[in-house]
Number of protein chains: 2
Amino acid sequence: MKQLQIKVKDGSCPVFVGGNLLAHAGPALRRLGFHTPPVVVTNTRILRWHGKALLSSLEHSFGQVNVIRIGDGERFKTQATLTRIYDGLFRARADRHSWILAFGGGIVGDIAGFAAATFMRGIPYAGVPTTLLSQVDSSVGGKVAINVRHGKNLIGAFHHPSAVLSDVKVLRTLPSRELAAGLYEVIKCGAIRSAALLNYIEKKRDAVMAGDPSALEHVVVEAIRIKADVVAADEREKRERMILNFGHTLGHALETVTRYERFRHGEAVAWGMIAAAELSSAMGMLPKEEALRLVALIRCIEKLPSLRGISAASLWRALQHDKKARDGRLRIVLLRRLGKAQIVDHVDPELLRRFVGRFVEHSS
Amino acid sequence: MKQLQIKVKDGSCPVFVGGNLLAHAGPALRRLGFHTPPVVVTNTRILRWHGKALLSSLEHSFGQVNVIRIGDGERFKTQATLTRIYDGLFRARADRHSWILAFGGGIVGDIAGFAAATFMRGIPYAGVPTTLLSQVDSSVGGKVAINVRHGKNLIGAFHHPSAVLSDVKVLRTLPSRELAAGLYEVIKCGAIRSAALLNYIEKKRDAVMAGDPSALEHVVVEAIRIKADVVAADEREKRERMILNFGHTLGHALETVTRYERFRHGEAVAWGMIAAAELSSAMGMLPKEEALRLVALIRCIEKLPSLRGISAASLWRALQHDKKARDGRLRIVLLRRLGKAQIVDHVDPELLRRFVGRFVEHSS
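Residues numbered from 1 in each chain as written. Chains lettered and ligands numbered in written order. Predicted model: local features only at pLDDT ≥ 70, side-chain atom pairs only at ≥ 80, totals over all residues. Heavy atoms only, no water.

Here the focus is the relation of the copies chain B and chain A. Taken as rigid bodies, chain B and chain A are interconverted by a rotation of 180 degrees and an axial shift of 0.0 Å, the fit giving an RMSD of 0.0 Å. Taken together, the rotation and translation relating the two chain copies correspond to the operation of a two-fold axis. The residues that chain B uses at the interface reappear at the interface of chain A in 100% of cases, marking a shared surface. (Least-squares fit on C-alpha atoms with pLDDT ≥ 70 in both. Contact = heavy atoms within 4.5 Å.)

This brings us to the packing of helix α6 (residues 176-193) of chain A against helix α7 (residues 195-209) of chain A. Residue and element names in this part refer to chain A. Two elements in contact, α6 and α7, have axes separated by 8 Å at closest approach and are oriented at 165 degrees. By the angle class used here, α6 and α7 are roughly antiparallel. Seen along the crossing, α6 lies across α7 with a hand that is right-handed. In this structure, α6 uses S176, L179, A180, L183, V186, I187, C189, G190, A191 and R193 to contact α7, whose residues at the interface are A195, L197, L198, I201, V208 and M209. Tallied by class, residues from the contact of α6 with α7 come to 13 nonpolar, two polar and one charged. (Axes fitted to C-alpha atoms, helices over the stretch in contact; angles between N-to-C directions. Helix = DSSP H or I, 4+ residues; strand = E, 2+ residues; numbered from the N terminus. Parallel < 35°, antiparallel > 145°, perpendicular 65-115°, else oblique. Left-handed = near helix turned anticlockwise from the far one by under 90°. Nonpolar A, V, L, I, M, F, W, Y, C, P; charged D, E, K, R; others polar.)

Moving on, we come to the packing of helix α9 (residues 248-257) of chain A against helix α10 (residues 265-282) of chain A. Residues and elements named next belong to chain A. Viewed as axis vectors pointing N to C, α9 and α10 meet at an angle of 130 degrees, and their least axial separation amounts to 7 Å. Classed by the angle they form, the pair α9 and α10 counts as oblique. Relative to α10, the crossing made by α9 is right-handed. Here α9 contributes H248, L250, G251, H252, L254 and E255 to the contact with α10, which in turn contributes H265, A268, V269, W271, G272 and A275.

Here we take up the pattern of salt bridges. Pairing between side chains becomes possible if they bear opposite charge and their charged atoms approach one another. Taken as a whole and judged by the stated rule, the model has 40 salt bridges over all chains. Measuring nitrogen to oxygen at the nearest pair gives 3.8 Å for the salt bridge that ties E74 of chain B to K77 of chain B. Residue D110 of chain B pairs with K77 of chain B through a salt bridge whose shortest N-O separation is 2.7 Å. Placement of the pair is D110 of chain B in helix α4 (residues 106-118) and K77 of chain B in the loop between β4 (66-70) and α3 (79-91), with a sequence separation of 33 residues. A relative accessible area of 3% places K77 of chain B in the buried class. Linked through salt bridges whose partners overlap, the residues forming this network are E74, K77, D110 and K152 of chain A. (Salt bridge = Lys/Arg side-chain N within 4 Å of Asp/Glu carboxyl O. Buried < 20%, exposed > 50% of the residue type's maximum accessible area, 1.4 Å probe, protein only.)

Another aspect to go through is the sheet that holds strand β3 (residues 39-43) of chain B. Residue and element names in this part refer to chain B. Across the sheet, seven strands lie side by side as β1-β2-β9-β6-β5-β3-β4; this open sheet has mixed pairing. Both outer strands of the open sheet, β1 (2-8) and β4, are each paired with one neighbouring strand and no more. The sheet shows a mean angle of 20 degrees between the axes of neighbouring strands, taken without regard to direction. Contacts from helix α2 (residues 44-62) reach β3, β4, β5 (100-104) and β6 (125-129), with the element oriented near 155 degrees to β3. Together, β1 and β2 (11-18) form the strand contacts of helix α8 (residues 213-236), whose direction differs from that of β1 by roughly 20 degrees. (Pairing = 2+ DSSP bridges.)

Moving on, we get to the environment of L338 of chain B. All names here are of chain B. Along the chain, L338 falls in the loop between β10 (332-337) and β11 (340-344). Exposure remark for L338: the relative accessible area of 9% places this residue in the buried category. Separated by 245 residues in sequence, L338 and R93 have C-alpha atoms that sit 52 Å apart. Apart from the residues lying within four places of it in its own chain, the contact partners of L338 are A191, A195, L198, L286, E290, R293 and L294.

The next thing to look at is the environment of V347 of chain B. Tracing the backbone shows V347 of chain B in the loop between β11 and α13 (349-363). Residues V347 of chain B and I332 of chain B, 15 residues apart in the sequence, show an inter-C-alpha distance of 7.7 Å.

Between chain B and chain A, the contact holds 27 residues from the first and 27 residues from the second. In total, about 2,200 Å² of surface goes out of reach between chain B and chain A, with carbon and sulfur atoms giving 54% of it. If you sort the residues of chain B by the area they bury against chain A, F90, R121 and I155 of chain B come out on top, with a joint share of 31%. Remark: the boundary between chain B and chain A carries two salt bridges. The closest approach of N and O atoms between D87 of chain A and R149 of chain B, which form a salt bridge, is 3.4 Å. At the junction of chain B and chain A, the tally comes to 11 residue pairs in polar contact (both at pLDDT 80 or more). Mapped by element, the contributors of at least two residues to the side of chain B that touches chain A are α3, α4, β7 (143-148) and β8 (151-158) of chain B. (Buried area = accessible area lost by both parts, 1.4 Å probe. Polar contact = N/O pair within 3.5 Å; in protein donor to acceptor, adjacent residues only side chain to side chain.)

If you want it as structure tokens, here you go:
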């Protein structure tokens, strides 16, 4: 087991990464300063697979624990579910001294975190993330939100968890597509900041995808470290944080034109990274063999949903729309080397348009 | 016109208090660093009385301004109204660079501030408060919230306004009951921290109640100063802030047993201050003549709704319930002198119960 201490606004957040953390969550959280029983927010699937281990440890340490179940899936990240969580909190007689334990993937973390941010003007919450993506994501940044009919994550807050326990053994029950979607996020961290992490994934890819705890522990810890490091650097130099958007320019556009139905976020970003690596190489910034190496690594994780039927024109429109939303600048994160990203502010739009056209054509 | 600079978390909030601020709001807000047109949240009554002055100044400085109207009254401080504000923001194509102008009393400020706290994870807002109470309250503390069926202000956040313009001329259109309710809050500030402010109100009571701008400017500025001072002192000494609850122990209980229907908040606190002054004197803490002076000042502002029909037993139960909600301690703010409050942790419950009984009997 590894412990990290992530600097957050007004303090720091302890993060534990290891195997068998669920069964020891109660004493661990007690040691971290929680004294009253948590209100657990989770979904039925997680509860069936992993509920017993976590809840019995919690009840042993804290006494009776209230559980609020929410629907499973992005379509439940709504105001209606939020109201359901508030109602559950009131039913559990929660007050401003209560705290929430978010037990599940990113959706549970986002909505339970937003409930914590707003219940009685803010109560603490801890996370027990159960997907690779949320284990990498949930301790850094403090972003919590719900979706509204106008779009995703449009209503939300910044509310950092007080502690995160990432049990990598839980990931064994994750479908391999889900595991891969998280691993692309880890690869992104390596691509922008750590060639060593990319080397590791090249070597241990099979172990990671087979759910090997020590391999998973390593990649989760390294990815969190890189993210925390980039965010901390951003406080000194304002642009730094943007490199976390590597692969996101095309990734977002792909999600938009397919209405979030074809790709998981990680998969769209995987395609975006492939495109960004190829563009970096085409522009002479990144040696061709390094681009090929990154593309090969991404493509050998799991088969990506194809780009078939996506028109270059619609993709280009989505990119333009994204650009407008960001003060009219088309800003792209490219690579100079594996492990070294660079923000490029002025890409020739005509060059980019042609590149997108060729990319869609050759990759479908 | 006076300008105050209120220290808030991560910065400071400029507050302007004076006459005719509405008509100069546009240039003032531009000078404070706002560059895009605000989305104004207000209600129809405010808009009819004061909309023209504010909106024409805003449009002159910023171009076309979007206005979101919400219902007038506490019963509209709900999730449904919040959703209406979000919808209005999306319709106005607001993004993370937009800002909200809350134009109205405390209800508008609370719900517009909460919308600002959560729209796209937080956008700035400025306040143009239109009641005496909200002019005194809205710049300090940053509390924003909505009501849910379980109670008032139970869902919310801390989100400080970026600027507050308090136009005291607006208060001329305020019903005198509303003006009095705000003035009790000012008297509270004087009672706990400033005998000079109490002296001033004793002398200028009629001018204040008649809407005299310079008298109103003085009491608003002094009350804000005192509040900001107490909150700042609280950062050094944790208990200090509780003195702002002077009059609130009985005040809350009165609101509860009458289901928030008989008293405005300020009126309930006025009764609470009368009781606290009498108790301070009965316990030998406060000279009797000072207690009488404070009681006389409160009672000559405006006739308070009577306590008729309120049973001492139900009031006592409400007090006990309040106590439970606060970790079982019955903590009361009393006075040592006019202008000098003291937090008392251990009041003999039996003495208090008898006092409440006598108080209700003699005051109805």
